[in-house]
Amino acid sequence: MSDTKQESAGVQAQYAVRVAEDLENNRKEQERIGTEVATLQAQLQELEADHAVLLSMQQALGSPAAASEAAAKKASPRKTAVPAPRTGTNNSGAARAKKPAATKAPATKAPTARAKDKPASKAKEKTAKSTPKAAAKKPAAAATGPTLVELIDSHLGQQKEPRSAAEITTALAKARPDRALKTTVVRTTVEGLVAKGRALRTKQGSSVFYTAAAPAASAAAPKTEVAAG
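In short, a report on the structure. (Residues numbered from 1 in each chain as written. Predicted model: local features only at pLDDT ≥ 70, side-chain atom pairs only at ≥ 80, totals over all residues. Heavy atoms only, no water.)

### Re the environment of Pro-146
Then, in step 1: Of note, Pro-146 is situated in the loop between α3 (87-143) and α4 (148-158).
Then, in step 2: Non-local contacts of Pro-146, meaning those with residues more than four positions away in its chain, are made with Leu-151, Arg-176 and Arg-179. (Helix = DSSP H or I, 4+ residues; strand = E, 2+ residues; numbered from the N terminus. Contact = heavy atoms within 4.5 Å.)

### Remarks on the pattern of salt bridges
Then, in step 1: This structure, assessed with the given rule, holds seven salt bridges.
Then, in step 2: Residues Arg-32 and Glu-36 are paired through a salt bridge, measuring 2.8 Å at the closest nitrogen-oxygen approach. Placement of both Arg-32 and Glu-36 in helix α1 (residues 2-61) is noted, with a separation of four residues, approximately one turn of the helix.
Then, in step 3: One salt-bridge network, held together by shared partners, links Glu-24, Arg-27 and Glu-31. (Salt bridge = Lys/Arg side-chain N within 4 Å of Asp/Glu carboxyl O.)

### Focus on the nonpolar core
Then, in step 1: Judged by nonpolar contacts, the single largest core of 14 residues is most densely connected at Ile-152, Ile-168, Leu-172 and Val-190.
Then, in step 2: Where this core is concerned, the elements lending two or more residues are α4, α5 (165-175) and α6 (183-195).
Then, in step 3: In contact with Ile-152, not counting residues within four places along its chain, are Ile-168, Leu-172, Val-186, Thr-189, Val-190 and Leu-193. (Core = buried A, V, L, I, M, F, W, Y, C linked by side-chain atoms within 4.5 Å. Buried < 20%, exposed > 50% of the residue type's maximum accessible area, 1.4 Å probe, protein only.)

### A word on the side chain of Thr-169
Then, in step 1: The topology assignment puts Thr-169 in helix α5.
Then, in step 2: Classification of Thr-169 as buried rests on a relative accessible area of 6%.
Then, in step 3: Not counting chain neighbours up to four residues away, the residues in contact with Thr-169 comprise Leu-181, Lys-182, Thr-183 and Val-186.

Below is the structure:
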């Protein structure tokens, strides 16, 4: 392991020396080329100055060659890049000009659609409000008929024999099919009439029968129970 480390360290040192030499050579080459460029630029400037002096002298002497060269220089000035017309911007401007017209049309239609939706929503609200009222009116119309107490009292007054609660319920259901009657409700109502003395209760074994109370009996005793059998 130590030998390999020493070898790698030696290789690194050699590379470092070579890199340092290459850097020095590069720097010297840059200095040489820079010096040559500066010398050439100075020579070029001298030549340009001499050229201008010779041209002025030639023009002063009236040489046709000097006049033609000066005219050629004036006719061929440095070309400047002329910017092309921006067709893209014009097109974009036209597109921008067209966009408001496209966006304004939906804006005008939106209120009309909302205006149409509002009456429809109001009509729905009216119908929704009117349906509970109509539903509330139906029980009132049903309640205008005779009460269950009146029906039972009238039915018992027409009977000559005692009737059970089930028999009373069956008879009333046939006479008034529009009324939903239950035996338990009829029995409770008849017991209320018995408590008020408007009906009589009789027992035959385990069965209970009801009859209409006589006017004298209902006035004398509020509650009468007759046990039979």
